[in-house]
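# Survey of secondary and tertiary structure
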Amino acid sequence: PVPNIRSTCGTDHRERRAMAAIAAPDRHDDGRDSPAAGRALLEYFYPKLKKYYLFLSGDNRLSTTNNLQSNLIRTWDYFYNSGGWDDYPAQSWVHQNKLTENVTPVVSTAHLIRIAKILSSAARELSLDRDVKYYSEAIEKFSTALHQYAWDEESGYFSYVVHDSEGKPISH
């Protein structure tokens, strides 16, 4: 549904521009959105997406996603599933054995790295150099954690990681 532009009274200029771009996008002759319309949308949505990322990465003080000592993400406190598969055997096993406090699935950290790469591109487009640096450091931190703790050389796969009662990774 197209938002009602008249209902945007009292909103900030970025929101009004974004809503206008959604309702009546500036189009090139070939049907592509104009750079101005895309930028308006990016300026509007980027702060919201960054806020979500900060929560998901554990960089929001209210988040429990990165509360273990491995820098691997676990979202069990908020979502039953780690990646959209309710009956995935490994995930079901974690829940059945009440291990959600100390087990991290690979997919949560992998998705976080992908989100950071996308947001880094958006931050670069918006000339937000501090954010670009932040995402670059986060990508490195989470990638290192995945390779250090989740890679299982014997199987040739990344694996769930079990942590001890102090939050230190002990096995995969």
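Preceding this section is the structure that the text describes.
One structure accompanies this document, and this report is about it. (Residues numbered from 1 in each chain as written. Predicted model: local features only at pLDDT ≥ 70, side-chain atom pairs only at ≥ 80, totals over all residues. Heavy atoms only, no water.)

Take Trp151: it is sitting in strand E2 (residues 151-152). A C-alpha to C-alpha distance of 7.9 Å links Trp151 and His172, two positions 21 residues apart in sequence. Setting aside anything within four residues of it in sequence, one finds Trp151 in contact with Leu146, Gly156, Tyr157, Phe158 and His172. (Helix = DSSP H or I, 4+ residues; strand = E, 2+ residues; numbered from the N terminus. Contact = heavy atoms within 4.5 Å.)

Grouped together as the largest cluster of nonpolar side chains are 22 residues, with contacts concentrated most on Tyr46, Tyr53, Leu112, Tyr135, Phe142 and Leu146. Counting residues per element, the ones that place at least two in this core are helix H2 (35-56), helix H4 (106-125) and helix H5 (129-150). Sort the elements by how many residues they give to this core and H5 lands first, with eight residues. The contacts of Tyr53, once residues within four sequence positions are left out, are Leu112, Ile115, Ala116, Leu119, Tyr134, Tyr135, Ala138 and Phe142. (Core = buried A, V, L, I, M, F, W, Y, C linked by side-chain atoms within 4.5 Å. Buried < 20%, exposed > 50% of the residue type's maximum accessible area, 1.4 Å probe, protein only.)

Looking now at the pattern of salt bridges. Scanning the entire structure with this criterion turns up six salt bridges. Close ionic contact of Glu125 with Arg39 constitutes a salt bridge, the shortest N to O distance being 3.8 Å. Here the residue Glu125 occupies a position in helix H4, and Arg39 occupies one in helix H2, the gap between them amounting to 86 residues. Via salt bridges that share partners, Arg39, Glu43 and Glu125 belong to a single interconnected network. (Salt bridge = Lys/Arg side-chain N within 4 Å of Asp/Glu carboxyl O.)

Right, let's get into the environment of Gln69. Relative to the elements of secondary structure, Gln69 occurs in the loop between H2 and helix H3 (89-96). Measuring from C-alpha to C-alpha, the distance between Gln69 and Lys168 comes to 5.2 Å, with 99 residues separating the pair along the chain. In this structure, Gln69 is in contact with Glu166, Gly167, Lys168 and Pro169, ignoring residues within four places of it in sequence. Within the local environment of Gln69, its side chain forms a polar contact with the backbone oxygen of Glu166, the two atoms lying 2.6 Å apart. (Polar contact = N/O pair within 3.5 Å; in protein donor to acceptor, adjacent residues only side chain to side chain.)

The next subject is the sheet that holds strand E5 (residues 169-171). Strand order in this open sheet of three strands is E1-E4-E5, and the pairing throughout is antiparallel. The open sheet terminates on both sides in strands that have one partner only, identified here as strand E1 (103-104) and E5. Judged from the two bridges that link them, strand E4 (residues 161-163) and E5 form a sheet pairing that is antiparallel. Its bridge partner lying in E5, His163 is registered against Pro169. (Pairing = 2+ DSSP bridges.)

Take the packing of H4 against H5 next. The geometry of H4 relative to H5 is characterised by a closest axis approach of 9 Å and an angle of 160 degrees between their N-to-C directions. Looking at the two axes, H4 sits roughly antiparallel to H5. Crossing of H4 against H5: the hand is left-handed. From H4, Val106, Thr109, Ala110, Leu112, Ile113, Ala116, Lys117, Leu119, Ser120, Ala123 and Arg124 reach across to H5, where they touch Asp131, Val132, Tyr135, Ile139, Phe142, Ser143, Leu146 and Ala150. (Axes fitted to C-alpha atoms, helices over the stretch in contact; angles between N-to-C directions. Parallel < 35°, antiparallel > 145°, perpendicular 65-115°, else oblique. Left-handed = near helix turned anticlockwise from the far one by under 90°.)

On the surface, a nonpolar cluster with roughly 300 Å² of combined accessible area is contributed by Tyr52, Tyr78 and Phe79. Following the sequence through the fold, Phe79 ends up in the loop between H2 and H3. (Patch = residues over 30% accessible without salt bridge, like charges linked within 9 Å, V, L, I, M, F, W, Y side chains within 5 Å. Areas by Shrake-Rupley, 256 points an atom, 1.4 Å probe, with all protein chains shown as cover.)

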